[in-house]
Amino acid sequence: LTESEVETIERHGWNHDSFLAILTWCQQDVRKAQKEGDIDGGEAREINQLILGLKRAMDGIYDYCEQPVPFFYIHFLSLLSALYLPLFALENAFSVGSDSWSSEVIT
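Predicted model, so just to flag it, every value in this text is computed and none were measured. (Residues numbered from 1 in each chain as written. Predicted model: local features only at pLDDT ≥ 70, side-chain atom pairs only at ≥ 80, totals over all residues. Heavy atoms only, no water.)

Visitor: I keep staring at the packing of aromatic side chains and nothing clicks. Help me out?
Guide: Think of a pair of aromatic rings as described by two things: how far the centres are apart, and how the planes are tilted against each other in angle. Applying the stated criterion across every chain, the model contains two aromatic pairs. Ring centres of Phe72 and Phe76 lie 5.6 Å apart, and the angle between their planes is 15°; this geometry places the pair in the stacked category. Of the two residues, Phe72 and Phe76 both sit in helix α4 (residues 71-96), four residues apart, roughly one turn of that helix. Ring plane angle 25° and centroid distance 5.5 Å describe the contact between Tyr84 and Phe88, whose orientation is recorded as stacked. (Phe/Tyr/Trp six-rings, centres within 6.5 Å; stacked < 30°, edge-to-face > 60°. Helix = DSSP H or I, 4+ residues; strand = E, 2+ residues; numbered from the N terminus.)

Visitor: Honestly, the packing of helix α2 (residues 16-35) against helix α3 (residues 41-66) in this entry has me stumped. Any pointers?
Guide: Geometry of a packed helix pair, given as the angle between the helix axes and the separation of the axes. Contact geometry of α2 with α3 gives a least axis separation of 10 Å together with a crossing angle of 175°. Viewed along their axes, α2 and α3 adopt a mutual orientation that is roughly antiparallel. Each of His16, Phe19, Leu20, Leu23, Cys26, Gln27, Val30 and Gln34 in α2 lies in contact with α3, whose residues at this interface are Gly41, Ala44, Ile47, Asn48, Ile51, Leu52, Leu54, Lys55, Met58, Asp59 and Tyr62. Residues belonging to the contact of α2 with α3 are distributed by class as follows: twelve nonpolar, five polar and two charged. (Axes fitted to C-alpha atoms, helices over the stretch in contact; angles between N-to-C directions. Parallel < 35°, antiparallel > 145°, perpendicular 65-115°, else oblique. Contact = heavy atoms within 4.5 Å. Nonpolar A, V, L, I, M, F, W, Y, C, P; charged D, E, K, R; others polar.)

Visitor: I'm lost on the nonpolar core in this one. Help?
Guide: Grouped burial of nonpolar side chains is what soluble globular proteins tend to show. Core analysis: the biggest nonpolar cluster contains seven residues, these being Phe19, Leu23, Val30, Ala33, Ile39, Ala44 and Ile51. Mapped onto this core, the elements with two or more residues apiece are α2 and α3. Ranked by the residues each element gives to this core, the list is headed by α2, at four residues. Leaving out residues up to four positions away in the same chain, Ile51 has contacts with Leu23, Cys26, Gln27 and Val30. (Core = buried A, V, L, I, M, F, W, Y, C linked by side-chain atoms within 4.5 Å. Buried < 20%, exposed > 50% of the residue type's maximum accessible area, 1.4 Å probe, protein only.)

Encoded structure:
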């Protein structure tokens, strides 16, 4: 990054918008390199695809961080697991086991 680019980012803070600005500058550099003949069209397209893939991945991370899973949902899921899984295990044990084994567990 140039000094002016770093100043621009520091002025706005290191956040999602700064990240998008950096990716935009990267795409502008790729376009400039292509116009100057440093890279051909196929290389420019491949680099732009990589930049867009990074943008999609980072957008997913920012979306997850800005919208975390609700507190209630996590604990409700834990409660369902704590109740359902032991019952499911017992049901499978009874359906597979012999009659003498199931009578020993019940008594």
